[in-house]
Amino acid sequence: MIERMRPYAPTGIIFLLILYFGVQALTGERGLLSHGERAEMLERRQVELVQLEAQRQDLETRVRYLRPDNLSRDLLEERARVILGFAAPGEYLIPVERRAVTAS
């Protein structure tokens, strides 16, 4: 019985390979049916990129105002207060605990 099936073995293996690659082409990570997921991920990443660019622009502005040739006294005072924990006379400080934000 096995001897009679031996000529069909290469055909069976090729059929299984075609079937495997066909299923992957439809349902795989980059398959035809996952286009919606990729589009949603692209949209999320574009929103994240816009936020990061705004954050970078803000940081670049702060750095520019902290350079010796273009020093902003207000920004310098703000950073010193935040880092060193100082307050001006007549100011009230209210300590606030910061809780770690968990990703959902």
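Numbers given to residues run from 1 along each chain, matching the order in which its sequence is written. Residues qualify for local features only when their pLDDT is at least 70, as the model is predicted, and side-chain atom pairs are given and counted only at 80 or more; totals for whole chains, interfaces and linings, by contrast, use all residues. With hydrogens and water set aside, each side-chain value is computed from the structure's full complement of heavy atoms.

S.K.: Provide a residue-level description of the overall build of the chain, including the pertinent values.
M.R.: Elements are defined by DSSP. Helices are runs of H or I of four residues or more, strands are runs of E of two residues or more, and each kind is numbered from the N terminus. When its secondary structure is counted, the chain shows four helices and zero strands. In sequence order, the secondary structure elements of the chain are arranged as α-α-α-α. Radius of gyration means the value over C-alpha atoms here, while the globule rule gives 2.2 Å times the residue count to the 0.38 power. Taking 104 residues into account, the globule formula puts the C-alpha radius of gyration at 13 Å, and the chain, at 31 Å, lies well above it. Type-normalised accessible area, obtained with a 1.4 Å probe on protein chains alone, sets the label of each residue: buried when under 20%, exposed when over 50%, and partly exposed for intermediate values. When each of the 104 residues of the chain is scored for burial, the buried share is 4%. Total accessible area on the chain stands at roughly 10,500 Å², and carbon and sulfur atoms take up 61% of it. Working convention for charge: Lys and Arg count positive, Asp and Glu count negative, and His plus the chain ends are omitted. Charge positions are represented by NZ for Lys, CZ for Arg, CG for Asp and CD for Glu. Taken as two groups, the 15 positive and 15 negative side-chain charges of the chain have centres that lie 5 Å from each other. Using a 1.4 Å probe, accessible areas were evaluated by the Shrake-Rupley method; residue-level cover was limited to the displayed protein chains.

S.K.: Pulling in residues and values, what's your account of helix α4 (residues 73-84)?
M.R.: Working rule for helices: expected span equals 1.5 Å times residues minus one. With 12 residues, α4 should reach 16 Å at 1.5 Å per residue; the first-to-last C-alpha distance of 16 Å fits that figure. Directly after α4, the chain includes G85, whose backbone phi takes a positive value near 80 degrees.

S.K.: Run through the pattern of salt bridges, naming residues and quoting values.
M.R.: We define a salt bridge as a side-chain nitrogen of Lys or Arg found within 4 Å of a carboxyl oxygen belonging to Asp or Glu. Scanning the model with the defined rule gives four salt bridges in all. Among the salt bridges present, the one from E77 reaches R81, with a minimum N-O distance of 2.5 Å. Of this pair, E77 and R81 both sit in helix α4, separated by four residues, roughly a single helical turn. One salt-bridge network, in which partners are shared between bridges, spans D58, R62 and E78.

S.K.: I'd like a rundown of the side chain of S34, residues and numbers included.
M.R.: Mapping S34 onto the fold places it in the loop between α2 (9-27) and α3 (35-66). Beyond its immediate chain neighbours, meaning those up to four positions away, S34 contacts G28 and E29. Every residue pair with non-hydrogen atoms within 4.5 Å of one another is taken to be in contact.

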